[in-house]
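The chain contents come next:
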Amino acid sequence: MRVKVAGHVHNVVRKSATEFEVDGVPVSAGSASVHATRHTRAFVAREGDRVFAQVGGRNYRLTVMTRAAAEAAEHAPMQGELEAPMPGRVTRVAVAVGDAVKRGQELIVVEAMKMENALVAPTDGVVRSLAVKVGDMVAPGPALVVIEPDPESAS
Amino acid sequence: MPPIRSVLIANRGEIALRVIRTCRAMGIRTVAVYSEADAEALHVREADAARLIGKAPSSESYLRIDRILEAAKEASVDAIHPGYGFLSQNGDFADACASAGFTFIGPKGDVHRLMGDKKAARQQVQKFAVPVVPGYDGEDQSDARLAAEASRIGFPLMIKPSRGGGGKGMHVTNSAAEFEAVLPRARRESLSSFGSDFLVLERFVSKPRHVEVQVLFDQHGKGVHLFERECSVQRRHQKVLEETPSVALDADLRQRLCAAGVAAAAAANYTNAGTVEFLLDSSGEFYFLEMNTRLQVEHPVTEMTLGIDLVRLQIEISEGKPLPFEQWQLNPRGHAIEARLNAEDPHHHDAPSPGRILHFEPPHGPFVRCDSGVATGSVVPEYYDPMIAKIIASGPTRDAARAALIEALRDLVVLGIATNREKLIQILESEPFRSGRIHTGVLDEIGPLPAEAPPSAEDLARIVEALEAAPSANGATAAVAETVPDPWAATSSWRLA
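Conventions adopted
Residues numbered from 1 in each chain as written. Chains lettered and ligands numbered in written order. Predicted model: local features only at pLDDT ≥ 70, side-chain atom pairs only at ≥ 80, totals over all residues. Heavy atoms only, no water. Helix = DSSP H or I, 4+ residues; strand = E, 2+ residues; numbered from the N terminus. Rg over C-alpha atoms; globule rule 2.2 N^0.38 Å. Buried < 20%, exposed > 50% of the residue type's maximum accessible area, 1.4 Å probe, protein only. Areas by Shrake-Rupley, 256 points an atom, 1.4 Å probe, with all protein chains shown as cover. Lys, Arg positive; Asp, Glu negative; His and termini not counted. Charge placed at Lys NZ, Arg CZ, Asp CG, Glu CD. Core = buried A, V, L, I, M, F, W, Y, C linked by side-chain atoms within 4.5 Å. Contact = heavy atoms within 4.5 Å. Salt bridge = Lys/Arg side-chain N within 4 Å of Asp/Glu carboxyl O. Polar contact = N/O pair within 3.5 Å; in protein donor to acceptor, adjacent residues only side chain to side chain. Nonpolar A, V, L, I, M, F, W, Y, C, P; charged D, E, K, R; others polar. Pairing = 2+ DSSP bridges.

Participant: Kindly report on the overall build of chain B, identifying the contributing residues and their values.
Facilitator: Each helix and strand in chain B was counted, giving 16 helices and 24 strands. Over its C-alpha trace chain B gives a radius of gyration of 23 Å, about what one expects of a compact globule, namely 23 Å for 497 residues. By residue count, 58% of the 497 residues in chain B fall in the buried class. Here chain B displays about 19700 Å² of accessible surface, and carbon together with sulfur accounts for 51% of that area. Here chain B contributes 53 positively and 66 negatively charged side chains, and the mean placements of these two sets differ by 3 Å.

And the structure:
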């Protein structure tokens, strides 16, 4: 099974009842041992490709990937794409396509649970596309605004 | 006054469930109200009856006095409990309940109005020798006047909504330039959250502790304090951890602070449960901040150390019963700490994380209490406060309570949405919290949660093992699995000890 977690894709293959191979390295899941405790027990919930896990006191978000998607992800270029941090309503759009922006500049404000969350430019650059207007409902995932980084500014 | 036989709870989430629990124990019938976003919510299921009062935004449901009173009439209840937040400190609501013939479980309308008006509240308590922080709360709200007053009071300076509460819309500025930049936003937030852009300026006391006094006044003029709670661990003026007793008080300071709390409440002719909030500076000086004219989120820590039920006392006071104890009979035992579990992502600037909870497992164990508004399958709507549950632990000492709370937070499982669970553990384990050297800015000292680290190879294998054990799921339903240690299925050898 290929899973993406914390920005990396891992290949996890079951070898036996208790043995796994993670990225080619053999490991034991250990949960089928009498010594398994709360600290080695994994809780998982899956919704489509999305996986929520809690193990060893830590929470992880994983994505189950097909082989093709896993390979594509390894070469994905990091653009100045900004997505909504949470589901909410766009209350302000401070830029238009073609605008030059400075790193840290407020671009869009999303409001949820009575809190304003400003999306700021991750880098100096130019607004290449803008997918929202004031009043739109947004959710994490799609890019709301794409900044083409200024080639002269090293972020 | 006749006994209360039925109560409508004008609230949602964990506090609605908290009130339902006490009502049930007292044999009181409960009626829940809910918005369209809460049709499946736990409080709706747990109440004896429930009424839809409007659309998801709270301005169209939980803040609609007319709809709530209509529901109360239809359900013919005796009394209305406002919980906290929403209409709980709205004097017009308290009055409207009374004139419609319902007992409002809380103080009278004019008490809410007096204490809700920061300026009037400060002036009133000052008459009773309760100290206040220097500030400006004048009628002239022009940019020029506010800027002049800001310079007079000095920086750092706090801007807060006059009608506010609960830390929403408050801003600290460190210079005249910053003040000017923040002012428009402060007005906007005040207007959208509280319906008024009237602001109050105040000297910001550096590294203060937030210590508050729980009070209880019956309708016969008798009042007591139920000691203090320290709520210094805050993020953007929202409380994160609360505890009692405060490590910052010795017997003398505790006595003076609690007396000031009783004096402030008496100054307002207070009835029912209330909380007087103070800032305590490092030299032991304290200043009146505000009075919350309702039950507090953090009331359980007081309940844990005193062995009392504050909701029951609220109801009994509303029935006209006298306080069942004298001040000298109240003797707190041990220590209790509460952690607020929020639907928010500590790895993404604490952004709210509404959504469906695919799996929820509350903590268990001695000295642990979990007041939760959610369970497996619950939806956390985007419209309301992000707090979904409170975990409270107690022990004979602060360290024992702290250890029990950390264990409880490790046992707690929430899958499907991000929460601040790991952040709470980080704070409880931090040096400043352990040593008790805390203040309202302590979270900046503790720092952010370390970046999301990838799981170890072993943990990845455990996750995949659990995933394989789960029945496959599509988008509609979630599959939940837990790898349970089963020695009989183990292939490695083992023996019984």
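Still to come is the rest of the account.
Participant: Lay out the nonpolar core with the relevant residues and their values.
Facilitator: All names here are of chain B. In terms of nonpolar packing, the biggest core is built from 34 residues, with Val233, Leu241 and Leu409 touching the most fellow members. If you list the elements that add at least two residues to this core, you get strand 12 (238-244), strand 15 (335-342), strand 22 (387-395), helix 12 (398-411), helix 13 (421-429) and helix 15 (442-446). Of all the elements, helix 12 adds the most residues to this core, at 6 residues. For Val233, the contacting residues outside a window of four places in its chain are Gln238, Lys239, Val240, Leu241, Ile427, Phe433, Ile438, Val442 and Leu443.

Participant: Which residues make up the interface of chain B and chain A, and what are the values?
Facilitator: Opposite the 68 residues of chain B that make contact, chain A presents 54 residues. There are 3 salt bridges connecting chain B and chain A. A salt bridge links A:Arg58 to B:Glu422; the nearest nitrogen and oxygen atoms lie 3.1 Å apart. Along the contact surface separating chain B from chain A lie 8 residue pairs in polar contact (both at pLDDT 80 or more). Elements that contribute at least two residues to the side of chain B that touches chain A include exactly helix 8 (176-194), strand 17 (351-352), strand 19 (359-361), helix 12, strand 23 (413-415), helix 13, helix 16 (457-469) and strand 24 (479-482) of chain B. Among the elements that take part in the side of chain B that touches chain A, helix 16 of chain B stands out by supplying 12 residues, more than any other. In terms of residue class, the side of chain B that touches chain A is built from 36 nonpolar, 10 polar and 22 charged.

Participant: Got a sec to walk through the sheet that holds strand 14 (residues 137-138) of chain A? Specific residues and values, please.
Facilitator: Residues and elements named next belong to chain A. Taken together, the 4 strands give an open sheet; going across it, the order is 12-11-9-14, and neighbouring strands pair in antiparallel fashion. The sheet terminates laterally at strand 12 (115-120) and strand 14, the two strands that pair on one side only. Sheet analysis places strand 9 (residues 88-93) next to strand 11 (residues 106-112), joined by 4 bridges and oriented antiparallel. From the neighbouring strand, Val90 faces strand 11, where its bridge partner is Val110.

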